[in-house]
Amino acid sequence: MKKILLTAALIGFSISASAQLSATATQQLDIIIPTYSGIALETEKLTFDFTADAPTVAGNNLGSAQKTASTYMKISNMDQYDDAANTKISLQMSGLRDGLDLKLQVVAPGANAKGDLGDIESDYASLFSLTNSSADDIITGIGTCYTGSAASDGYQLNYQLDVTGDGTDIWEDIADGNANAVTTQIVYTIAN
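This structure is a prediction, so every number in the text was calculated from the model and none was measured. (Residues numbered from 1 in each chain as written. Predicted model: local features only at pLDDT ≥ 70, side-chain atom pairs only at ≥ 80, totals over all residues. Heavy atoms only, no water.)

Undergrad: In this structure, what is going on with the overall build of the chain? I would like to understand it.
TA: Counting its regular elements, the chain contains two helices and 11 strands. The burial tally for the chain puts 26% of its 192 residues in the buried class. In the chain, the share of contacts with a sequence separation of at least 24, taken over all contacts with a separation of at least 6, comes to 80%. Entry remark: accessible area of the chain is about 12600 Å², with carbon and sulfur atoms responsible for 52%. (Helix = DSSP H or I, 4+ residues; strand = E, 2+ residues; numbered from the N terminus. Buried < 20%, exposed > 50% of the residue type's maximum accessible area, 1.4 Å probe, protein only. Contact = heavy atoms within 4.5 Å. Areas by Shrake-Rupley, 256 points an atom, 1.4 Å probe, with all protein chains shown as cover.)

Here's what the structure looks like:
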């Protein structure tokens, strides 16, 4: 019986020794937020179709020499903790044939966008002609932000395609003998 009482007394002492009576208690919380960047286009393929503008009378040229199209570019970006806001979006175009002029205008996101959305480069505030192969920054100074994911959320990308060539050379310039297969590609990249 003495052994049980002594064991119970030792257990009681060790419990009371580890639980100190205090008016305050402190707990540390570790909060981990990853850095990330993501970009998507609402429409991944736009078609500029001049079929309805083909001449109906022999001897005439293409009826309309201009088409427009729009889509939305959505982004999500969580910057580093230093608030540097040094993320940017650039584009690189390839495959635009001589005789065509493709212009781009970038419009700021609407009310669903939150955070530091950066600045649209001044050239792209209105329609600006794109060139093949050269990388060009279109939005700079992006910090932590998101544009929203609904169909009409994000930066609006307005395109205008002009047929600038004339005479018989235009078909050679544009299509190399295949007027239905002009493929131009624009790659948008978000990076810091």
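Undergrad: Teacher, can you tell me more about a nonpolar patch on the surface here?
TA: On the surface, Leu29, Ile31 and Ile33 cluster together into a nonpolar patch covering about 340 Å² of accessible area. Among the secondary structure elements, Ile33 is positioned in the loop between α1 (2-18) and β1 (36-41). Overall, the relative accessible area of 39% leaves Ile33 in the partly exposed class. (Patch = residues over 30% accessible without salt bridge, like charges linked within 9 Å, V, L, I, M, F, W, Y side chains within 5 Å. Salt bridge = Lys/Arg side-chain N within 4 Å of Asp/Glu carboxyl O.)

Undergrad: When you look at the side chain of Asp162 in this model, what are you seeing that I'm missing?
TA: As for its position among the elements, Asp162 is in strand β10 (residues 155-163). A distance of 2.7 Å separates a polar atom in the side chain of Asp162 from a polar atom in the side chain of Gln66. Once you skip the residues sitting within four places of it in the chain, Asp162 turns out to touch Ala65, Gln66, Gly99, Leu100, Asp101 and Lys103. (Polar contact = N/O pair within 3.5 Å; in protein donor to acceptor, adjacent residues only side chain to side chain.)

Undergrad: Just checking my understanding: could you explain the nonpolar core for this structure?
TA: Proteins that are soluble and globular tend to have nonpolar side chains buried together. Core analysis: the biggest nonpolar cluster contains 26 residues, and Met73, Ile89, Leu104, Val106, Ile138, Ile139 and Tyr188 have the highest contact counts within it. Where this core is concerned, the elements lending two or more residues are β2 (66-78), β3 (87-94), β4 (100-107), β8 (136-142), β10 and β11 (185-191). The greatest single-element share of this core, amounting to five residues, is contributed by β10. With sequence-adjacent residues up to four places away left out, Ile89 is seen in contact with Ile39, Met73, Ile75, Asp136, Asp137, Ile138, Ile139, Ile142, Tyr188, Thr189 and Ile190. (Core = buried A, V, L, I, M, F, W, Y, C linked by side-chain atoms within 4.5 Å.)

Undergrad: Sorry, what's going on with the pairing of β10 here?
TA: On a regular strand, each side chain points to the face opposite its neighbour's, so the side chains alternate between the two faces of the sheet. Buried residues dominate β10, accounting for eight of its nine residues. The pairing of β2 with β10 spans eight bridges and is antiparallel. In the sheet register, Met73 faces β10, and the bridge partner there is Tyr155. (Pairing = 2+ DSSP bridges.)

Undergrad: For this particular structure, what's the right way to read the packing of aromatic side chains?
TA: Aromatic ring pairs are reported here in terms of the distance separating the ring centres and the angle at which the planes meet. Enumeration according to the criterion identifies one aromatic pair in this entry. With 5.0 Å between their ring centres and 70° between their planes, Tyr124 and Phe128 make a pair best called edge-to-face. (Phe/Tyr/Trp six-rings, centres within 6.5 Å; stacked < 30°, edge-to-face > 60°.)

Undergrad: Please clarify how the sheet that holds β3 should be interpreted in this entry.
TA: Two pairing modes exist for strands in a sheet, parallel and antiparallel, and in both the strands are linked by backbone hydrogen bonds. Sheet architecture is open: four strands sit in the order β6-β8-β3-β11, paired in antiparallel fashion. The two strands at the open ends of the sheet, each matched to only one other strand, are β6 (119-120) and β11. Relative to β8, β3 is paired through four bridges, and the arrangement is antiparallel. Bridging across to β8, Ser90 finds its partner in Asp137.

Undergrad: Sorry, what's going on with the pattern of salt bridges here?
TA: Side-chain pairs of opposite charge can arise where the charged atoms are in close proximity. Within the structure shown, the criterion is met by five salt bridges. Here Glu42 and Lys74 are joined by a salt bridge, their closest N and O atoms 3.2 Å apart. Placement of the pair is Glu42 in the loop between β1 and β2 and Lys74 in strand β2, with a sequence separation of 32 residues. Judged by relative accessible area, which is 38%, Glu42 ranks as partly exposed. Counted as one network, the salt bridges with shared partners bring together Asp101, Lys103 and Asp162.

Undergrad: Could you clarify how one ought to interpret the side chain of Asn77 in this entry?
TA: Position of Asn77 relative to the elements: it lies in strand β2. Looking at Asn77, its side chain comes within polar contact range of the main-chain oxygen of Gly143, at 2.8 Å.

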